[in-house]
Amino acid sequence: MEDYKARIRELREILEYNSKLYYDMDAPTMSDYEYDHLLRELEDLEAAHPEEVTPDSPTQHVGGTASNSFAPVQHEVPLESLQDVFNADEVGEFHNRVREQLVNVEYSVEPKVDGLSVAIEYRDGRFVRGATRGDGRTGEDVTENIRTIQNLPMVLPDKLPHLIVRGEVYMAKTTFAALNAEREITGEPLFANPRNAAAGSLRQQDPKIAAQRKLDVVIFNLQLADGKTFEKHTDTLDYMKSQGFPTIPYLRTGDLDMVNAEIVRLNEDRAELPYDMDGAVIKLNDLSDREVLGSTSKVPRWAIAYKYPPEQKPSKLVDIVVQVGRTGVLTPKAVVEPVRLAGTTVTNATLHNQDFITEKDIRIGDTVIVQKAGEIIPEIVRVDLSKRPDGVKPYHLPDRCPVCGAKVERDEDGVAMRCTGAECPAQLLRYLEHFTSREAMDIDGVGPAVLRQMVEAGLVQTAADLYKLTVQDIAQLDRMGMKSAQNAVHAIEQSKRNDVSRLICGLGIRQIGAKAARTLAQHFGSFDALERATIEELTAIDDIGEITARFLRDWLDSPQSQDLMRRFRAAGVNMECLDKPTDDTFQGMTFVLTGALTRFTRDEATEMIQSRGGKASGSVSKKTTYVVAGEAAGSKLAKAQELGIPVLTEDEFLAMLGGGAGSDKLETDGQMSML
Ligand SMILES: [Zn+2]
């Protein structure tokens, strides 16, 4: 009876973890189908046990199905933008312009939240729609993503027929820091600032991601309220607050000095706000005054936005530390002497990658100008070359992994530097997830959540350690009963008998996926034979290119890999190809089928070739042995003739099938086709 509780917790963890993998890391470990399936299971369990439903359950913040594009929304009340000012003089000019038309002036001063402006609409007290600002007149319908916002009320106490509020969607600084910390660990590109992160989240096609990212909103304007009248802007804020909206804090004053003092104070206190702000908004508080002043063609005359300059300060670059992410990517980080910036103490700054360091010629010992952009991740703007000490050297990322000592390689198509260690502890969890996945060793019962616990408990240091786990080892983990532990051990044990192609795939060698692993297993027949393969032998195989062969050979040659394979062998993991062809008539040959075949279907021909140890390929290359051409063969035939590759008719191909295990079947096939 307590089982359902554990299952609910497990499902939540799996679902959250996987949507993260899927949406943030581009590394899905489960199909949409499976995801939906587990989500349904969780929904059913929660329906049966309503007391278990929590607001943060994955079932609660999924607002609907993903759409392919956002529908346009015409804003009933335009979402205007404000004129920016950058100093106290410009604030004074604004004040003077206002005073030309008004005698008694009252302002509200509010923080300008650095997020995404949205219009949120309610009918009869219920949330019905949310839209981005867009160009101010037409935005995008992001209703389902807005629905996932944690602090936005869905139902209001007053059931006004129609209410529209305007707010700024943001990612709280703490949420942002946690998200980026995680991305740093996983080796993903960091979000530059909370605004980018919030924007990316709000415009996700799938509301599940927006829900994952934990967005918040702060409301700063009442756009429309059917059946209500207000005199002051601050009255509308108070009203919205009474309706449960998280509203912007404000100061009311008619005094220009107070306005300026508030601008300064907000800047000093900005570190304490949950959101980023990039300025202060000064508005006329009396709503009828706003009508007197009106708007220009672009901006209202009754408000301005004071923009704070990004704060920059010099500091000394003490060191560069290199972290290894979960995908093996090396990320350099600058350690600087502590410096106060935008209300926080900064001790390190992002360096992104080697190219960034090289481009700015950043060296340890330099005096660097540090800036807090987006208030969270400090960055290095430039080096103050006038202060460069003698003898400092250009910085290069290490060519060995700082965690495991394995060789580091630059991604062939990017700037990232990656550790190639097969047993690198920094990459262990990712390896294990891949190793146990369906396309690799297909081990049921050890999902990502369980693997993470195993790693954290120190039970596994390499994938081979999975084979040493006992039922007791696994049963001691959180949320694992004796039964699940037995199942897991059984599944692990079973996987020892997998075809070696699954093992090869599970090793996570770059560019060796399930398909290449199968090709290699069938070509070499065993891991031992694969281990001895030369680059030439590898590249001679169709589908194995120069780069893949090099990655593979490097992997096989690394001491870490050899150690790992030794452990797999000791554990009794199968190293043989189990679905080797029994007839080797076509061993080492590659066929390309082209044109309209009349004697057999393409699938039949492919099977005839494969059952004799040959390969059927889709394109003609120098590696092609024969082209089998049916009627109306086109470009492939031409290519074959150009390369001087022998071309067979269907009859000639059938004639080659004499003898061997598959011949009976094939003759039958041939005869049947002729009938
Ligand atoms: Zn490493």
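First, a word on what this report is: a plain description of the structure on this page.

Reading the values: rules and limits
Residues numbered from 1 in each chain as written. Predicted model: local features only at pLDDT ≥ 70, side-chain atom pairs only at ≥ 80, totals over all residues. Heavy atoms only, no water. Axes fitted to C-alpha atoms, helices over the stretch in contact; angles between N-to-C directions. Helix = DSSP H or I, 4+ residues; strand = E, 2+ residues; numbered from the N terminus. Parallel < 35°, antiparallel > 145°, perpendicular 65-115°, else oblique. Contact = heavy atoms within 4.5 Å. Nonpolar A, V, L, I, M, F, W, Y, C, P; charged D, E, K, R; others polar. 1 Å grid on protein atoms, 1.4 Å probe; cavity = no way out; pocket = protein on both sides within 12 Å on 5 of 7 lines; lining within 4 Å. Points joined across faces, edges and corners; volume = space filled by probe spheres on them. Donors = N, O, S within 2.8 Å, 3.2 Å for Na, K, Ca; no water. Tetrahedral: all angles 85-135°; square planar, octahedral: opposite > 155°, others 65-115°. Buried < 20%, exposed > 50% of the residue type's maximum accessible area, 1.4 Å probe, protein only. Phe/Tyr/Trp six-rings, centres within 6.5 Å; stacked < 30°, edge-to-face > 60°. Lys NZ or Arg CZ within 6 Å of the ring centre and 35° of its normal. Salt bridge = Lys/Arg side-chain N within 4 Å of Asp/Glu carboxyl O. Pairing = 2+ DSSP bridges. Expected span 1.5 Å × (residues − 1).

## A few points about the packing of helix α20 (residues 546-557) against helix α21 (residues 559-571)
Stage number 1. Interhelical geometry of α20 versus α21 gives an angle of 70° and a closest axis separation of 5 Å. Put simply, α20 runs roughly perpendicular to α21. Here W555, L556 and D557 of α20 lie close against α21, whose contacting residues are P559, S561, Q562, L564 and M565.
Stage number 2. In terms of residue class, the contact of α20 with α21 is made up of five nonpolar, two polar and one charged.

## Description of empty space enclosed by the protein
Stage number 1. Tallied over the entire structure, the rule returns four cavities of 30 Å³ or more.
Stage number 2. The computed volume of the largest cavity comes to approximately 100 Å³.
Stage number 3. Along the wall of the largest cavity there are 14 residues; nearest its centre are V73, H75, A119, E121 and I164.
Stage number 4. When residues of the lining of the largest cavity are traced back to their parent elements, those giving at least two are β1 (72-74), β4 (116-123) and β5 (126-132).
Stage number 5. Tallied by class, the residues present in the lining of the largest cavity amount to seven nonpolar, four polar and three charged.
Stage number 6. Of the pockets and cavities examined, the second largest cavity occupies roughly 80 Å³.
Stage number 7. Lining the second largest cavity are A422, E423, L428, Y431, F435, Q461, T462, A463, G506, L507, L564 and F568.
Stage number 8. Of all the secondary structure elements, the ones that give two or more residues to the lining of the second largest cavity are α12 (428-436) and α21.
Stage number 9. With three residues, α12 is the single largest residue contributor to the lining of the second largest cavity.
Stage number 10. Grouping the constituent residues of the lining of the second largest cavity by class yields eight nonpolar, three polar and one charged.

## Remarks on the coordination of the zinc ion
Stage number 1. All of the protein donors around the zinc ion are C401 (SG), C404 (SG), C419 (SG) and C424 (SG); their distances to the metal are 2.2 to 2.3 Å.
Stage number 2. Coordination at the zinc ion comes from four donor atoms whose angles at the metal span 100 to 119°, giving a geometry best classed as tetrahedral.
Stage number 3. All donors to the zinc ion come from one chain, and their sequence spacing reads C-x2-C-x14-C-x4-C. Placement of the pair is C401 in the loop between β16 (377-383) and β17 (408-410) and C424 in the loop between β18 (417-419) and α12, with a sequence separation of 23 residues. Summarising the burial analysis for this pair, C401 and C424 share the class buried.

## Observations regarding the packing of aromatic side chains
Stage number 1. Tallied over the entire structure, the rule returns 14 aromatic pairs.
Stage number 2. What links up through ring pairs into an aromatic cluster is the set F586, F591, F600, Y626 and F653.
Stage number 3. The lysine or arginine in question, R430, covers the ring of Y431, its NZ or CZ lying 5.7 Å from the ring centre.

## A closer look at the pattern of salt bridges
Two side chains that carry opposite charge are able to pair once their charged atoms sit near each other.
Stage number 1. Evaluated as defined, the whole model comprises 31 salt bridges.
Stage number 2. The closest approach of N and O atoms between K468 and D465, which form a salt bridge, is 3.4 Å.
Stage number 3. Here D554 and R550 are joined by a salt bridge, their closest N and O atoms 3.5 Å apart. Here the residue D554 and the residue R550 both occupy positions in helix α20, the gap between them amounting to four residues, near one helical turn.
Stage number 4. According to the relative accessible area criterion, D554 is partly exposed, its value standing at 23%.
Stage number 5. For R550, a relative accessible area of 43% corresponds to the partly exposed category.
Stage number 6. Salt bridges linked by common partners bring E423, D465, K468, D563, R566 and R567 together as one network.

## Points about the sheet that holds β5
Stage number 1. Here four strands make up an open sheet; going across it, the order is β5-β4-β7-β8 and the pairing antiparallel. For this open sheet the edge positions go to β5 and β8 (215-225), each flanked by a neighbour on one side alone. Between one strand and the next, the sheet's axes are offset by a mean angle of 30°, whatever the strand orientation.
Stage number 2. Pairing geometry for β4 and strand β7 (residues 162-171), over eight bridges, is antiparallel. Directly across from S117, in β7, lies its bridge partner E168.

## Considerations on α20
Stage number 1. An ideal rise of 1.5 Å per residue puts 16 Å on twelve residues; α20 measures up with 16 Å between its terminal C-alpha atoms.
Stage number 2. Residues of α20 that are buried: T548, A549, F551, L552, R553, W555 and L556.
Stage number 3. Along its buried surface, α20 packs onto β17, α17 (514-524), α18 (527-531), α19 (535-539) and α21.

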